[in-house]
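The lines below spell out each chain.
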Amino acid sequence: MHETPEELKRLQSLLDASLSRSTSHLRSIVSEHTLTAEQLTQVLTGMRTLALSTVTAKGEPRISGVDGHFLHGRWHFGTARDAAKARHLAARPAASVAHLRGEDLGVFTHGTVEVLNPLDGEPHPDWPKLLAYLQDFYGAAAFDWEKEVVYYRLRPHWMTVYAPDFAMLTES
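Residues numbered from 1 in each chain as written. Predicted model: local features only at pLDDT ≥ 70, side-chain atom pairs only at ≥ 80, totals over all residues. Heavy atoms only, no water.

**Quick notes on the overall build of the protein chain**
- For the protein chain, the count of helices and strands is six helices and six strands.
- Its helices and strands in sequence order give the protein chain the pattern α-α-α-β-β-β-α-β-β-α-β-α, from N to C terminus.
- Relative to the globule expectation of 16 Å for 172 residues, the C-alpha radius of gyration of the protein chain, 16 Å, shows essentially globular dimensions.
- Dimensions of the protein chain, computed from the C-alpha atoms along their principal axes, are close to 45 × 40 × 30 Å.
- When each of the 172 residues of the protein chain is scored for burial, the buried share is 42%.
- In the protein chain, 69% of the contacts between residues at least 6 apart in sequence involve partners at least 24 apart. (Helix = DSSP H or I, 4+ residues; strand = E, 2+ residues; numbered from the N terminus. Rg over C-alpha atoms; globule rule 2.2 N^0.38 Å. Buried < 20%, exposed > 50% of the residue type's maximum accessible area, 1.4 Å probe, protein only. Contact = heavy atoms within 4.5 Å.)

**Comments concerning helix H4 (residues 84–91)**
- Within H4, burial applies to Lys85, Ala86, His88 and Leu89. For H4, the angular spread of buried residues about the axis comes to 160°, placing them on one side. Exposed residues pointing more than 90 degrees away from the buried face of H4 are listed as Arg87, Ala90 and Ala91.
- Buried residues along H4 sit against strand S1 (47–55), strand S2 (61–71), strand S3 (74–80), strand S4 (94–101), strand S5 (105–115) and strand S6 (149–162). (Arc of directions from axis to C-beta.)

**Concerning the environment of Arg87**
- If you trace the backbone, Arg87 turns up in helix H4.
- A residue is classified by how much of its surface remains accessible, and Arg87, at 52% relative accessible area, is exposed.
- Residues Arg87 and Thr54, spaced 33 residues apart in sequence, show a C-alpha to C-alpha distance of 9.7 Å.

**Some details on the nonpolar core**
- Counting 29 residues, the largest nonpolar core has Leu40, Trp75, Phe77, Leu105 and Met159 as its most contacted members.
- Setting aside chain neighbours within four positions, we find Met159 in contact with Leu11, Leu14, Leu15, Ser18, Leu40, Phe70, Trp75, Val107, Phe108 and Thr109.
- Counting ten residues, the second-largest nonpolar core is a separate cluster that includes Leu130, Leu131, Tyr133 and Tyr151. (Core = buried A, V, L, I, M, F, W, Y, C linked by side-chain atoms within 4.5 Å.)

**Quick look at the environment of Arg155**
- Checked against the element boundaries, Arg155 lands in strand S6.
- Under the relative-accessibility criterion, Arg155 is labelled partly exposed at 36%.
- For the pair Arg155 and Gly65, spaced 90 residues apart in sequence, the C-alpha to C-alpha distance is 18 Å.

**Some words on the pattern of salt bridges**
- Within this structure, the stated rule accounts for four salt bridges.
- A salt bridge links Arg153 to Glu114, with the shortest nitrogen-to-oxygen separation between them at 2.7 Å. On the criterion of sequence distance, the pair formed by Arg153 in strand S6 and Glu114 in strand S5 is long-range, its members being 39 residues apart. As far as burial versus exposure is concerned, Arg153 and Glu114 are alike and both buried.
- In this structure, Arg155 and Glu114 form a salt bridge, with 2.7 Å as the shortest nitrogen-oxygen distance. Here Glu114 lies in strand S5 and Arg155 lies in strand S6, a separation of 41 residues in the sequence.
- The exposure class assigned to Glu114 is buried, which follows from its relative accessible area of 16%. (Salt bridge = Lys/Arg side-chain N within 4 Å of Asp/Glu carboxyl O.)

**Remarks on the pairing of S6**
- In terms of burial, S6 is largely enclosed, as eleven of its 14 residues are buried.
- Pairing of S3 with S6 involves five bridges; the strand directions are antiparallel. Its bridge partner being in S6, Phe77 is matched across the sheet by Tyr152.
- Relative to S6, S5 runs antiparallel, the two sharing ten bridges. Bridging from a neighbouring strand, Glu114 pairs with Arg153 of S6. (Pairing = 2+ DSSP bridges.)

This is the structure we're talking about:
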């Protein structure tokens, strides 16, 4: 768990606000089967495969997979700098991600991405810590971290979690 008490508080507020402004249909499914911010951060450790949704210039939706890391209460993910999704996000930074584990866990997030390591600009102040984490996870020599990949943080404005059995999610 990488979250500070303040980050957990912010995440819990987001989860509560998102659910309260959701449709009655979604609330009827999720309200009794959700996780707290602290529980969520216990479940979302390491790399989690995300379905990332972006939009083309013509307004057409596109979905693809990315390696997601849930750190400090937010999703972080990367892709090749020349990937179509990188072009989509550069032009239209609104994105949605979903992490699904069968019928046992669903984490759904909508927000806006920010680039953490721009090719032609100053990296975000958080980039060095994230880079150290990623190099430890994948290996420092996995690829050229500055030139080949672009990393994003999704700043969520809506997030909800479906998890009918927290205990089952934390079993080894």
